[in-house]
Amino acid sequence: MALLLLWILLMQSLSAGTLVLGVALALFWPAVTARLRPAPVRLRRPLVMARLLGRVVIEMLRSNAEVAWAILARRSRDIRSGFVLVPLELRDPNGLAVLAMIVTFTPGTAWAQLSADNRVLLLHVLALQSEAELVAFIKHRYERPLKEIFE
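Treat the numbers as computed from the prediction; the structure is a model and nothing was measured. (Residues numbered from 1 in each chain as written. Predicted model: local features only at pLDDT ≥ 70, side-chain atom pairs only at ≥ 80, totals over all residues. Heavy atoms only, no water.)

Student: Provide a residue-level description of helix H5 (residues 131-150), including the pertinent values.
Tutor: Across its 20 residues, H5 extends 26 Å between first and last C-alpha, which sits within 8% of the 28 Å expected from 1.5 Å per residue. Considering bend angle alone, the principal kink of H5 is centred on Glu143 and spans about 35°; proline Pro145 follows within four residues of it. Those residues of H5 not exposed but buried are Leu134, Val135, Ile138, Tyr142, Glu143, Pro145, Leu146, Ile149 and Phe150. (Helix = DSSP H or I, 4+ residues; strand = E, 2+ residues; numbered from the N terminus. Expected span 1.5 Å × (residues − 1). Bend = angle between axes of the 7 residues up to and from the residue. Buried < 20%, exposed > 50% of the residue type's maximum accessible area, 1.4 Å probe, protein only.)

Student: Would you mind going over a nonpolar patch on the surface in detail, with residue names and values included?
Tutor: Among the surface-exposed residues, Leu3, Leu6, Leu10, Met11, Phe28, Trp29 and Val32 lie close enough to one another that they form a single nonpolar patch of about 680 Å² accessible area. Tallying contributions element by element places helix H1 (residues 2-11) first for the nonpolar patch, with four residues. With respect to the secondary-structure elements, Leu6 resides in helix H1. (Patch = residues over 30% accessible without salt bridge, like charges linked within 9 Å, V, L, I, M, F, W, Y side chains within 5 Å. Areas by Shrake-Rupley, 256 points an atom, 1.4 Å probe, with all protein chains shown as cover. Salt bridge = Lys/Arg side-chain N within 4 Å of Asp/Glu carboxyl O.)

Student: Please set out the pattern of salt bridges residue by residue, giving values where relevant.
Tutor: Under the criterion given, the structure shown has nine salt bridges. Where Arg62 meets Glu59, a salt bridge forms, and the shortest distance between an N and an O atom there is 2.4 Å. Placement of both Arg62 and Glu59 in helix H3 (residues 46-73) is noted, with a separation of three residues, approximately one turn of the helix. For Glu59, a relative accessible area of 6% translates into the label buried. Here Glu59 and Arg141 are joined by a salt bridge, their closest N and O atoms 3.8 Å apart. Of this pair, Glu59 sits in helix H3 while Arg141 sits in helix H5, placing them 82 residues apart in sequence. Look at the salt bridges and you will find they share partners, linking Glu59, Arg62, Glu66 and Arg141 into a network.

Student: Can you break down the sheet that holds strand E3 (residues 120-125) residue by residue, with the values?
Tutor: If you walk across this open sheet you meet the three strands as E1-E3-E2, and the pairing is antiparallel. Edge positions in the sheet fall to strand E1 (82-87) and strand E2 (109-114), since each has one partner strand and no second. For this sheet, the mean angle separating the axes of adjacent strands, direction not counted, is 30°. In terms of strand pairing, E1 meets E3 through six bridges, oriented antiparallel. Counterpart to Leu85 in the pairing with E3 is Leu122. Packed on one face of the sheet, helix H4 (residues 93-105) meets E2 and E3 and runs near 145° to E2. Packing against the sheet, H5 makes contact with E1 and E3, and its axis sits at approximately 50° to E1. (Pairing = 2+ DSSP bridges. Axes fitted to C-alpha atoms, helices over the stretch in contact; angles between N-to-C directions. Contact = heavy atoms within 4.5 Å.)

This is the structure in structure tokens:
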């Protein structure tokens, strides 16, 4: 239904052709992409999910301000960017996907690579102050709640 509604909104029409094609796409794409989903999602701990969402929103706002300040107020040679290795305990593929989204949505950080055994995340950081503090922050603020939710 959501895909059909999105199609109708994008096409801005309720013509018969739009509806027929929208229904066809709404049935076709979920069937085709079903195998791309890593595993069935079993969510636990709704309060932890709500707290994590709040943290992510606050961190995104804070990070936006920090990145803007770094870009506008500091010279590029004074900004220390780099790659950080983050050891992971989280194994659930859905949890790893959510962690990837959180890290990518937070300005100033980018998910660069996940090791083949899913145990180490390579993260690029625009304004890096302390690798140890960043690793501890990600593990405490994001990985721990995701483990509670998904594992």
